[in-house]
Amino acid sequence: MTGTTGDVWSGWYVDAREGESSYGCLGQWSVDGGDEPYPADGGRPLADWLGEIAAALEEGRCLHRPDGADDTHNWPVLTGRGGLTRVGPRDPRLFPEGMIKLDGPR
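All values derive from a computational prediction rather than experimental measurement.

> Explain the overall build of the protein here, please?
A tally of helices and strands in the protein yields one helix and eight strands. Beginning at the N terminus, the succession of helices and strands in the protein can be written as β-β-β-α-β-β-β-β-β. Here the protein holds 106 residues, and 29% of them are scored as buried. When contacts within the protein are restricted to residue pairs at least 6 apart in sequence, long-range pairs at least 24 apart make up 19% of them. As presented, the protein carries roughly 6900 Å² of accessible surface, and 53% of it is formed by carbon and sulfur atoms.

Okay, here's the thing in structure tokens:
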């Protein structure tokens, strides 16, 4: 999942280096910023992150960090053409036609 559609300057990765404390955890990379765990305080196992995305979509809320704090800059949305992405919650320009922000179970 990249920050914006077509953004090839940054992205996500899963640490596959066996024996490392961050093995299996999500990380972010960028051309100008290098690699770092996501969130920066040590990373999050991929399975936990995917579960958090599913819960946020079902509950119509932003993502929560591993410590339980709201990550108000990361709201998952589904798009008709691009799949899963994230947007800011108060910027209507970030909800173009074809994007669906779920507002809880139906």
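Following the structure, the description resumes.
> In this structure, what is going on with the side chain of E52? I would like to understand it.
When you line up the elements, E52 lands in helix α1 (residues 46-59). Sequence-distant contacts of E52, defined by excluding residues within four places in its chain, comprise R44, R61, C62, L63 and H64.

What counts as what
- Counting from 1, residues in each chain are numbered in the order their sequence is written.
- pLDDT decides what is reported in this predicted model: residues at 70 or higher carry local features, side-chain atom pairs at 80 or more are listed and counted, and totals for whole chains, interfaces and linings draw on all residues regardless.
- For side-chain calculations, the full set of non-hydrogen atoms in the structure is used, while hydrogens and water are omitted.
- We count a stretch as a helix when DSSP gives it H or I for four or more residues in a row; a strand needs E for two or more, and each element gets its number in order from the N terminus.
- Per-residue accessibility, obtained with a 1.4 Å probe over protein chains only, is compared with the maximum for each type, and a residue is labelled buried under 20%, exposed over 50%, and partly exposed between these values.
- The contact definition used throughout considers only heavy atoms, calling two residues in contact when any of these lie within 4.5 Å.
- Accessibility throughout is a Shrake-Rupley quantity obtained with a 1.4 Å probe, and a residue counts as covered only by protein chains that appear here.

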